[in-house]
Amino acid sequence: DGTGWALNGGYIVTNFHCVDGAKTIKVKGIQGDFTTEYSALVVATDKVNDLAVIHIQDGKFTDAIEIPYCIE
């Protein structure tokens, strides 16, 4: 289990140790819904800084998440 921060387009920033060695990655808690799981893939990692970026790759996911912040 781990936490993450949602970005636009289904991308999520999490910790490297949460995905290290994982055969599958499931994301839940989108919009507060902890019953629906979405499949995701690792797209970038930084072991030294314990960071990873994952991307939701699931047909049932819609990118209608309201992100309450902006990254420029």
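Values in this document were obtained by computation on a predicted structure and should not be read as measured data.

A. Fine view of the environment of I25. Relative to the elements of secondary structure, I25 occurs in strand β3 (residues 25–27). C-alpha of I25 to C-alpha of V42: the two residues are 17 residues apart in sequence and 8.2 Å apart in space. Apart from the residues lying within four places of it in its own chain, the contact partners of I25 are V19, Y38, S39, A40, V42 and I54.

B. Region of the structure containing the nonpolar core. Within the largest apolar cluster, 11 residues are counted, these being I12, V19, I25, V27, I30, Y38, A40, A52, I54, I56 and F61. Elements with a minimum of two residues in this core: β3, β4 (38–46) and β5 (51–56). No other element matches β5, which puts three residues into this core. Setting aside its immediate chain neighbours within four residues, F61 contacts G10, I30, Y38 and I56.

C. How the structure looks around the pairing of β5. Bridge count for strand β2 (residues 11–14) against β5 is four bridges, and the pairing is antiparallel. Bridge pairing links V13 to V53 in β5. In terms of strand pairing, β4 meets β5 through six bridges, oriented antiparallel. Along β5, the bridge assignment pairs V42 with I54.

D. Geometry of the environment of F16. Inspection of the secondary structure puts F16 in helix α1 (residues 16–19). Excluding anything up to four places from it in sequence, F16 contacts T45, D46, K47, D50, L51 and A52.

E. Broad picture of the environment of G10. As for its position among the elements, G10 is in the loop between β1 (4–6) and β2. By relative accessible area, which is 4% here, G10 ends up buried. Once the C-alpha coordinates of G10 and T62 are considered, the two residues, 52 residues apart in sequence, prove to be 8.2 Å apart. Beyond its immediate stretch of four places on either side in the chain, G10 contacts I54, H55, I56, F61 and D63.

The rules behind each value
- Sequence positions are assigned chain by chain, starting from 1 and proceeding in written order.
- Per-residue local features are limited, in this predicted model, to residues with pLDDT of at least 70; the limit for side-chain atom pairs, both in listing and counting, is 80 or more; totals at the level of whole chains, interfaces and linings are taken over all residues.
- Calculation of side-chain values draws on the structure's entire complement of heavy atoms; hydrogens and water are dropped beforehand.
- The secondary structure listing takes helices from DSSP runs of H or I that are at least 4 residues long and strands from runs of E that are at least 2 residues long, numbered from the N terminus.
- Whether two residues are in contact is decided by their heavy atoms: any pair within 4.5 Å suffices.
- The definition of a nonpolar core used throughout is a set of buried Ala, Val, Leu, Ile, Met, Phe, Trp, Tyr and Cys residues joined through side-chain atoms within 4.5 Å.
- Each residue's exposure class comes from its accessible area (1.4 Å probe, protein chains only) as a fraction of the maximum for that residue type: buried when under 20%, exposed when over 50%, partly exposed otherwise.
- By definition, two strands form a pair when at least two bridges between them are found by DSSP.

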